[in-house]
Structure formats: structure tokens, C-alpha cells
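A structural walkthrough
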Amino acid sequence: MLPDEVLGFLRKQGLIGSGETPAAEPLSGGVSSDIWRIELRSGPVCVKRALPRLRVAQRWEAPVERNRYERRWLEVAGAIVPGIAPRVVAADDAGFFAMEFLQSLPLWKAELAAGRADPAFAACVGQSLARIHSCTAGRPEIAREFATDANFRAIRLEPYLLATARVHPSLSGVLTQLSERTARTRLALVHGDVSPKNILIGPRGPVFLDAECAWYGDPAFDLAFCLNHLLLKCLWVPVAAERLMQCFDALHQAYSNGITWEPRGHFEARTASLLPALLLARVDGKSPVEYLTEDAQKHRVRDVAGALLTDPPCTLRQVRNAWQGS
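Topic: the packing of aromatic side chains
Counting across every chain of the model gives 12 aromatic pairs. With centroids separated by 5.4 Å and ring planes inclined at 20 degrees, the aromatic side chains of F9 and F96 adopt a geometry described as stacked. Of this pair, F9 sits in helix α1 (residues 4-12) while F96 sits in strand β5 (residues 96-100), placing them 87 residues apart in sequence. Residue F9 is classed as buried on the basis of its relative accessible area of 2%. Overall, F96 belongs to the buried group, its relative accessible area being 6%. Between Y255 and F267, the aromatic rings sit 5.2 Å apart at their centres with planes inclined by 20 degrees, giving stacked as the arrangement. A residue pair is termed long-range when its members are at least 10 positions apart, and Y255 in helix α9 (residues 241-256) and F267 in helix α10 (residues 264-284) qualify at 12 residues. The pair Y255 / F267 is uniform in exposure class, with both members buried. Three or more aromatic residues link up through ring pairs in this structure, and these residues are F152, Y160, W215, F221 and F225. If you follow R68 out to its NZ or CZ, it ends over the ring of Y69, 4.6 Å from the centre. The ring of W323 has R300 lying over it, and the distance from NZ or CZ to the ring centre is 4.4 Å.

Listed below in C-alpha cells is the structure:
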């Protein structure tokens, strides 16, 4: 049964009639929002509402206005790369928006979990992400609209970098410095959650979902965040580790070809130094990945990340080599 607030949103937006109650089902998989698939006469839509407190073990609260910024990221990115995001159907200022429901598209995370790691698709992800960053870099109107520093700190910097710093006092200084550097670097429109769980494999390329962390800030965060998941999945799906590392290389190279807003070396140095912090955060931060359950896996992450944070890398090749033990 749909909550009255959702029915009210649908009626106010003219998506259903005053006495109509459409078929609906809650969708799972997220910790930060309530999401429903709703069958309208015109076809299915997805309605999303941000939660003030996320569904994780540790206490994690975040401003619900992030819902509006997510919707606007979908619209801005979709105008830059057609098809890169679901089309927004309706929205209000009370925390709801509706978007097209994309049926039957494979989820990149599911493909990777099955061992199907395609470097060509990873390159498309890198190319599309760089295009969004390049087209929003140096645009003051986008910077003003996405001046979401408080949201980004609450959703990303605090639960990932700063929470991890509290778990590892010996690394607290470098993790805090990385958080502060990221917070003050404002160059382009950042998605903030570029993870395989938020990317569908569409007929024209990747489709990005869940942009509630949208922020005008450091694009290195997006690249590091995505590359981090490819490294971690080597432990989850060891049979596909070689192909996952090929995906790492392909995504990195395709993204690098699209950097226009600053020297590539400067950008890569920030990405390389941030990546081990995100590695450690997915084991010891507020949002650990659910698929690393064995102590040996977690120790591997801690050992590699700790060494790289102690002696920060300047290139992604250094991170790659450390991860592979060479």
C-alpha cells in the first residue's frame, strides 16, 4: 500500500486521478531513500523520497533536500549526455520526484558479480563521466545551484573519511587532510556515488542512478570512488580479478582522455591519494561493502590502504601495483 504522502504527490502532479490508487511495489537495494515502482496508465515510473536517517548500523543522518539536487543532477547530466540518466517525470519541493522506470536493463554490479567484467563498458563509464565533468567545469551558475557543501560533508566526507579516521588514529591526520582538501576543491559537478550498483548497462551506454550526493566540487572524488569498487570486487570475484583490473585501466584511460579543466598530472595525483582512503572507508567507515565478509579480505584492504596512506602515491599505476602486490 502506498503511503498517503506518495498518493498526494502523484495526484498533485497530475500523474493519477483523485480517486485512483495505482498498483505499486517498494524497491529494495538502497539505504538512503524510500523508492517505489508505480504502475501508471502511461507506464511504470519510479518515485523516490530521501530519508533523514540512513539504514545502516551506525547512526548516519543526512539532509533530505538532497532529493532536489539528485533530481537536478539527472536533468543536467541528461542534457550533456543524452540517455546518461533516467528522464525526470515530475518533482516537488517536499522531497519527492518521479522518473522513468527503466525495465530489463542489467545492473553493472550484477554483471561484475557474475564475473562478466567488460573493459569496453568500463571505458564508456569513464568517457561519460569525464564528459559531464568537462561540460560543467568552470560554470558559475552550476556551482551556485550545487553549492551543497553541507550535504556532501554529511553524506560522504564524514561517514567515509572522517569516520574512518576515528577508527584508525595513526592515519587520522592524512584522512582529515584528504577530507579538507576535497571539501575546498570546487571544479565541476560531482555525482558522488559512482558505483556499479548505481549504473545500468543501457543500449547506448551507461545509465547513472542515485545522484543524491550531487555537489559542485572535486571530480577526482567520482573517479576514485568508481575505481575503488573495481579494486574491491577483485576480492569478491577473484576469478574475474584480471578482467576487473583491465576495467580499472580502461576506465582510467578513457576518463583521462576527457580531462580538459586542469593538467592531467594534478588531477591524477589527487585521485591516487584519495583512492586508498576510500578503500579503507569501505571496510572501516560507516558504509562498509556488504560482500567483504572474511577477515583475510578486510586485512588485505587495510594493509594496502594503510601503506598507501602512509606514503601517498602520485599516480594510479602506483595504486594499481600496490593492490596487485608488485
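Next comes the rest of the description.
Some details on the side chain of D193
Here D193 lies in the loop between β6 (188-190) and β7 (199-202). Relative accessible area serves as the criterion here: at 10%, D193 is assigned to the buried category. For D193, the side chain forms a polar contact with the side chain of R156, separated by 3.3 Å. If sequence neighbours within four positions are ignored, D193 has contacts with R156, N198, D210, C213, D222 and F225.

With respect to the confidence of the model for the protein
In this model, the protein carries a mean pLDDT of 91, and residues with pLDDT of at least 70 account for 93%. A low-confidence stretch, residues 54-62 stays under pLDDT 50, and its non-local contacts, those more than four residues away or across chains, total 30 contacts.

Here we look at the pattern of salt bridges
Under the definition given, this model contains 20 salt bridges. We note a salt bridge from E70 to K48, for which the minimum N-O separation is 2.8 Å. With a gap of 22 residues between them, E70 in helix α2 (residues 66-80) and K48 in strand β3 (residues 43-50) connect regions that are remote in the sequence. Exposure class is identical for E70 and K48. Each is buried. A single salt-bridge network, built from bridges that share partners, covers K48, E70, D210 and E212.

Remarks on the sheet that holds strand β1 (residues 24-26)
The antiparallel open sheet is built from 5 strands, whose spatial order is β1-β2-β3-β5-β4. Pairing within the sheet leaves two strands with one partner each, and these edge strands are β1 and β4 (88-91). Recorded for the sheet is a direction-independent mean angle of 20 degrees between the axes of neighbouring strands. One ladder, built from 8 bridges, connects strand β2 (residues 33-40) with β3; its direction is antiparallel. Across the sheet, I35 pairs through a bridge with K48, a residue of β3. In the packing of α1 onto the sheet, the strands contacted are β2, β3, β4 and β5, and the crossing angle to β5 comes to about 65 degrees. On the sheet, α2 packs against β3, β4 and β5 and is oriented at approximately 25 degrees with respect to β5.

Focus on unusual backbone geometry
What you tend to see is this: most non-glycine residues have negative phi, and most peptide bonds are trans. In this structure, D210 takes a positive phi of about 50 degrees despite not being glycine. Tracing the chain through its elements places D210 in the loop between β8 (205-208) and β9 (215-217). Judged by relative accessible area, which is 21%, D210 ranks as partly exposed.

Topic: the packing of α2 against helix α4 (residues 119-136)
With their axes 10 Å apart at the nearest point, α2 and α4 run at an angle of 100 degrees to one another. Of the possible angle classes, the one that applies to α2 and α4 is roughly perpendicular. Of the residues in α4, those touching α2 at W73, V76, A77 and I80 are R131, I132, C135 and T136. Grouping the amino acids of the contact of α2 with α4 by side-chain chemistry returns 6 nonpolar, 1 polar and 1 charged.

Things to note about the nonpolar core
If you look at the biggest cluster of nonpolar residues, it comprises 87 residues, and the most contacted ones within it are W73, W108, F146, L230, L251 and W323. Top element by residues in this core is helix α8 (residues 219-236). It accounts for 12 residues. Of all hydrophobic cores here, the second largest spans 14 residues; its members include L10, I16, I38 and F96.

Quick look at the state of the cysteines
The term disulfide refers to a covalent linkage connecting the sulfur atoms of a pair of cysteines. Overall, the coordinates contain 0 disulfides when judged by the stated rule. The thiol sulfur of C135 is not disulfide-bonded, and the nearest other cysteine sulfur, from C124, lies at 16 Å.

Criteria and cut-off values
- Residues numbered from 1 in each chain as written.
- Predicted model: local features only at pLDDT ≥ 70, side-chain atom pairs only at ≥ 80, totals over all residues.
- Heavy atoms only, no water.
- Phe/Tyr/Trp six-rings, centres within 6.5 Å; stacked < 30°, edge-to-face > 60°.
- Helix = DSSP H or I, 4+ residues; strand = E, 2+ residues; numbered from the N terminus.
- Buried < 20%, exposed > 50% of the residue type's maximum accessible area, 1.4 Å probe, protein only.
- Lys NZ or Arg CZ within 6 Å of the ring centre and 35° of its normal.
- Polar contact = N/O pair within 3.5 Å; in protein donor to acceptor, adjacent residues only side chain to side chain.
- Contact = heavy atoms within 4.5 Å.
- pLDDT = per-residue confidence, 0-100.
- Salt bridge = Lys/Arg side-chain N within 4 Å of Asp/Glu carboxyl O.
- Pairing = 2+ DSSP bridges.
- Axes fitted to C-alpha atoms, helices over the stretch in contact; angles between N-to-C directions.
- Parallel < 35°, antiparallel > 145°, perpendicular 65-115°, else oblique.
- Nonpolar A, V, L, I, M, F, W, Y, C, P; charged D, E, K, R; others polar.
- Core = buried A, V, L, I, M, F, W, Y, C linked by side-chain atoms within 4.5 Å.
- Disulfide = S-S within 2.5 Å.

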